[in-house]
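Next come the chains, spelled out residue by residue.
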Amino acid sequence: MKNNVTQIETPHLILRIFQPRDAELLKSRLDDNLEIMMPWIPWAKNEPETVEEKRDRIRSWVGDFYSNREYSYGVFEKATGDFVGSSNLFGRRGKGTTEIGYWIDHLKAGKGYATEVSYALTKLSFEQMNIEKVLLYIDTRNKASQRIPEKLNFTHEYTYRELPKDELGERLKFQVWVMFVEEFKKVDKFEAVEFKLN
């Protein structure tokens, strides 16, 4: 898995590598979203962090990016520069495969930004990284997130149970959504996506 795209422009968004200078903004927006994120995102339980801890974390993300371990992008509105959220490409599911992760600030929810981010990272995987298979893992309780792979013509391949339990004591269940490179041409969305190399 190799990626040298440091910035992605879509019709409404800019995805770029986080920089240490983003630490205060990222902390502020994470702190404001923690209650909403807790049920869906396991690492949210490690928050809140101090600004300096957040700055160190961003530095580790930059190191991961240039070491081709994992790719983290901050997401910003193109028109306003406002913070929208965070997105990731993981290579933890095997050779020739990427997994998309994201979270969207509650102040920017409902605008289709998660779909636009997921499309951009799917396009990046297939057209710039030589990836053959892109995955999204969606908690079955998260109905809003389930609509995103549906809109992008991903296929729901299966649902599985995990060790952690929900508030009712039931095992958490996750849907696995998949798209192969040959299926991407069927997705007619956001064609105006530009990649900027480092």
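What you see is a predicted model, and the numbers here were worked out from it, not measured in a lab.

Next up on the list: the pairing of strand β5 (residues 97–104). In terms of burial, β5 is largely enclosed, as 7 of its 8 residues are buried. In this structure, strand β4 (residues 83–90) lies alongside β5, joined through 6 bridges in antiparallel fashion. Counterpart to serine 86 in the pairing with β5 is tryptophan 103. Where β5 and strand β6 (residues 133–139) come together, 3 bridges link them in parallel fashion. Bridging from a neighbouring strand, glutamate 99 pairs with leucine 135 of β6. Since β5 and β6 lie parallel, the crossover through helix α3 (residues 113–128) that links them has a hand, and here it is right-handed.

On to a positive patch on the surface. On the surface, Lys143, Arg161, Lys165, Arg171 and Lys173 cluster together into a positively charged patch. Mapped onto the secondary structure, lysine 173 falls in strand β8 (residues 171–180). We classify lysine 173 as partly exposed; its relative accessible area is 41%.

Along the chain, serine 145 turns up in helix α4 (residues 143–151). The contacts of serine 145, once residues within four sequence positions are left out, are Tyr102 and Ile138.

Turning our eyes to something else, we now look at the packing of helix α1 (residues 23–37) against helix α2 (residues 51–66). At their nearest, the axes of α1 and α2 sit 9 Å apart, and the two run at 110° to each other. Our classification of the angle between α1 and α2 gives roughly perpendicular. Facing Ala23, Glu24, Leu26, Lys27 and Leu30 of α1, the residues of α2 in contact are Val51, Lys54, Arg55, Ile58 and Trp61.

So, about unusual backbone geometry. At asparagine 68, a residue that is not glycine, the phi angle is positive and equals roughly 60°. Take asparagine 68: it is sitting in the loop between α2 and β3 (70–77).

Applying the stated criterion across every chain, the model contains 17 salt bridges. A salt bridge links aspartate 82 to lysine 108; the shortest N-O distance between them is 3.0 Å. Separated by 26 residues along the polypeptide, aspartate 82 in the loop between β3 and β4 and lysine 108 in the loop between β5 and α3 bring together distant segments of the chain. Because the salt bridges share partners, they merge into one network encompassing Glu52, Arg55, Asp56 and Arg59.

So, on to the packing of aromatic side chains. Summed over all chains, the structure comprises 11 aromatic pairs. Measuring from ring centre to ring centre gives 5.7 Å for phenylalanine 83 and tryptophan 103, while their planes differ by 50°; the resulting arrangement is tilted. Remark: tryptophan 103 occurs in strand β5 and phenylalanine 83 occurs in strand β4; sequence separation between them is 20 residues. In terms of burial, phenylalanine 83 and tryptophan 103 fall into one category: buried. Relative to tyrosine 160, the ring of tyrosine 158 lies with its centre 6.3 Å away and its plane at 50°, an arrangement referred to as tilted. By relative accessible area, tyrosine 158 is classed as partly exposed at 40%. Among the residues examined, tyrosine 160 registers a relative accessible area of 22% and is labelled partly exposed. Over the aromatic face of phenylalanine 90 sits the side chain of arginine 92, whose NZ or CZ is 3.9 Å from the ring centroid. The residue whose ring lies beneath arginine 93 is tyrosine 137, and the NZ or CZ to ring-centre distance is 3.9 Å.

Let us look at the environment of valine 75. Summarising the element assignment, valine 75 is placed in strand β3. The contacts of valine 75, once residues within four sequence positions are left out, are Leu13, Ile14, Leu15, Asp82, Phe83, Val84, Gly85, Ser86, Ser87 and Val117.

What counts, and where the lines are drawn
- Residues numbered from 1 in each chain as written.
- Predicted model: local features only at pLDDT ≥ 70, side-chain atom pairs only at ≥ 80, totals over all residues.
- Heavy atoms only, no water.
- Buried < 20%, exposed > 50% of the residue type's maximum accessible area, 1.4 Å probe, protein only.
- Helix = DSSP H or I, 4+ residues; strand = E, 2+ residues; numbered from the N terminus.
- Pairing = 2+ DSSP bridges.
- Right-handed = clockwise from strand over helix to strand, strands pointing away.
- Patch = residues over 30% accessible without salt bridge, like charges linked within 9 Å, V, L, I, M, F, W, Y side chains within 5 Å.
- Areas by Shrake-Rupley, 256 points an atom, 1.4 Å probe, with all protein chains shown as cover.
- Salt bridge = Lys/Arg side-chain N within 4 Å of Asp/Glu carboxyl O.
- Lys, Arg positive; Asp, Glu negative; His and termini not counted.
- Charge placed at Lys NZ, Arg CZ, Asp CG, Glu CD.
- Contact = heavy atoms within 4.5 Å.
- Axes fitted to C-alpha atoms, helices over the stretch in contact; angles between N-to-C directions.
- Parallel < 35°, antiparallel > 145°, perpendicular 65-115°, else oblique.
- Phe/Tyr/Trp six-rings, centres within 6.5 Å; stacked < 30°, edge-to-face > 60°.
- Lys NZ or Arg CZ within 6 Å of the ring centre and 35° of its normal.

Read these as spatial facts, not as claims about activity.
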